[in-house]
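Listed below, chain by chain, are the residues.
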Amino acid sequence: MIYNMLASHLTDSTITMIACVVACILTFVLYIKPFKFLPRDKGKVVTTPDGQTVSINIQSAGKVTGAGYIFVSVFLLTSLVFLPYSMEHLIYYVLMALMMLIGFMDDGSKAPWGELVKGILDLALAAVAVIVFVYYNGTVVNFFNLEFKIPVVIYVLLGIALIWGSINVTNCSDGVDGLCGGVSVVELITFYLIFKVSKDIAGFTEFSGMAVILASVLVAYLFYNWFPSKLLMGDAGSRTIGFFIALIAMKTGHPFIFVPLSLVFLCDGGLGLLKLALMRTICKGHEVFGNIRFPLHDELRKNRGWAVPKVAAFFIACEVVICVITYIVM
């Protein structure tokens, strides 16, 4: 492992910086001529309440999708080579690789996988991740200056809900060029800074490094995904990002920090999921949230007439403001 060779000569911060440069350049180069095995986006077809079939996201049809396969692979490989690791981290690497592969297979399938199948797979990987986390880290959490221990069963259930929710709200927000990638970069850098000022957190070097390396490969990806995009990350990318964000929030010891740092994703994609859940259960047959279109980026783009770059820039700016406030409060 390169980390062991470099650690005696360089600081951890320097090694991480080298890893980021390598990851960013490698991702950028691999995207110059996308691999032929990456699938093509087919657009999306939905059924309206009156039974009509309508094609949406036509502008994405034909573009290379599943590009998350590349940047996630580079992220995992670079982290493994340039960062110290333990058995706990190796398990997380395997789980993220599985999450990426599940998303990639869905991206390339002739017919999209059903909600039930993906939901079960998400729950399974989330359950394994939380059980491993509790085994190595315990269930002590912090809320501002308060520190308390949560019963194991409750922590596991809440942790599964956190990871499952993060996967899906991040995935739902990936519908506009540059939005998901740009917001994720800001959030991941904030997590890196939180780890930098909290060196007493177990796994400081590993997880702060992983956060900034993932941000680096996303920066390279954004060169190709900013409007007008040439590549789409697909489920292979967005679902893995959501998985890692939830995991790193738990690793800080302040899992509640997920709410402010992921507020953009929660509002953009999360409210749409909430609306869908309510309309299928207690509000069945009734309109929820009026005529607002979800995800919110579709409300701004299609109902308000905003240009795609403006939509992406708006959400990224909101994320910057929220992250700065959260970091100051922390």
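Fair warning: this is a prediction, and the values are worked out from it, not measured in the lab. (Residues numbered from 1 in each chain as written. Predicted model: local features only at pLDDT ≥ 70, side-chain atom pairs only at ≥ 80, totals over all residues. Heavy atoms only, no water.)

A. Geometry of the overall build of the protein. Each helix and strand counted, the protein has 13 helices and four strands in total. The C-alpha atoms of the protein give 20 Å as radius of gyration, which agrees with the globular expectation for 330 residues (20 Å, within 12%). Projected onto its principal axes, the C-alpha coordinates of the protein cover approximately 65 × 50 × 35 Å. Out of the 330 residues in the protein, the part that is buried amounts to 51%. Within the structure as shown, the protein displays about 15,600 Å² of accessible surface, and the carbon and sulfur contribution to it stands at 70%. (Helix = DSSP H or I, 4+ residues; strand = E, 2+ residues; numbered from the N terminus. Rg over C-alpha atoms; globule rule 2.2 N^0.38 Å. Buried < 20%, exposed > 50% of the residue type's maximum accessible area, 1.4 Å probe, protein only. Areas by Shrake-Rupley, 256 points an atom, 1.4 Å probe, with all protein chains shown as cover.)

B. Here's a closer look at the environment of Leu-300. Position of Leu-300 among the secondary structure elements: in helix H12 (residues 296–303). Measuring from C-alpha to C-alpha, the distance between Leu-300 and Leu-98 comes to 34 Å, with 202 residues separating the pair along the chain.

C. Fine view of the packing of helix H7 (residues 179–196) against helix H13 (residues 308–329). Across the interface, H7 lies against H13 with an axial gap of 8 Å and an inter-helix angle of 15°. The orientation of H7 relative to H13 falls into the category roughly parallel. Crossing of H7 against H13: the hand is right-handed. In this structure, H7 contributes Leu-179, Gly-182, Val-183, Val-186, Glu-187, Thr-190, Leu-193 and Ile-194 to the contact, and H13 contributes Val-311, Ala-312, Phe-315, Ile-316, Glu-319, Val-320, Cys-323 and Tyr-327. For the contact of H7 with H13, a count of residues per class yields twelve nonpolar, two polar and two charged. (Axes fitted to C-alpha atoms, helices over the stretch in contact; angles between N-to-C directions. Parallel < 35°, antiparallel > 145°, perpendicular 65-115°, else oblique. Left-handed = near helix turned anticlockwise from the far one by under 90°. Contact = heavy atoms within 4.5 Å. Nonpolar A, V, L, I, M, F, W, Y, C, P; charged D, E, K, R; others polar.)

D. Just unusual backbone geometry, in detail. Following Phe-227, the chain continues into Pro-228 via a peptide bond in cis, with omega recorded as -5°. The amide bond that connects Phe-294 to the next residue, Pro-295, takes the cis arrangement and shows omega of -5°. With respect to the helices and strands, Pro-295 occurs in the loop between helix H11 (263–280) and H12. Residue Phe-144 is not a glycine yet carries a positive backbone phi of 55°. Within the fold, Phe-144 resides in the loop between strand S3 (140–143) and strand S4 (146–149).

E. Molecular detail of the confidence of the model for the protein. Overall, the predicted model of the protein reaches an average pLDDT of 91, with 91% of residues at or above 70. Note on residues 46–54: pLDDT under 50 across the span, and ten contacts to partners over four residues away in sequence or across chains. (pLDDT = per-residue confidence, 0-100.)

F. Here's a closer look at the pattern of salt bridges. Tallying each qualifying case throughout the model produces eight salt bridges. Two residues, Glu-88 and Lys-251, come together in a salt bridge whose shortest N-O distance is 3.1 Å. Pair noted here: Glu-88 is in helix H4 (residues 87–108) and Lys-251 is in helix H9 (residues 234–251), with a separation of 163 residues, a long-range link. Grouping residues by exposure puts Glu-88 and Lys-251 together as buried. (Salt bridge = Lys/Arg side-chain N within 4 Å of Asp/Glu carboxyl O.)

G. Geometry of H13. With 22 residues, H13 extends 32 Å between its outermost C-alpha atoms, agreeing within 8% with the 32 Å of an ideal straight helix rising 1.5 Å per residue. Among the residues of H13, those classed as buried are Val-308, Val-311, Ala-312, Phe-315, Ile-316, Glu-319, Ile-322, Cys-323 and Thr-326. Down the axis of H13, the sector holding all buried residues measures 130°, keeping them to one side. (Expected span 1.5 Å × (residues − 1). Arc of directions from axis to C-beta.)

H. Fine view of H9. When the terminal C-alpha atoms of H9 are compared, their 26 Å separation across 18 residues agrees well with the 26 Å that a helix rising 1.5 Å per residue should span. Counting buried residues in H9 gives 18 out of 18 residues, a clear majority hidden from the surface.

I. The arrangement of a nonpolar patch on the surface in detail. A contiguous nonpolar surface patch, about 770 Å² in accessible area, is contributed by Met-17, Val-21, Ile-25, Phe-28, Val-29, Ile-32, Val-219 and Phe-223. Residue assignment for the nonpolar patch shows that the elements contributing at least two residues are helix H2 (12–32) and helix H8 (204–225). With six residues, H2 is the single largest residue contributor to the nonpolar patch. You can see Ile-25 is positioned in helix H2. (Patch = residues over 30% accessible without salt bridge, like charges linked within 9 Å, V, L, I, M, F, W, Y side chains within 5 Å.)

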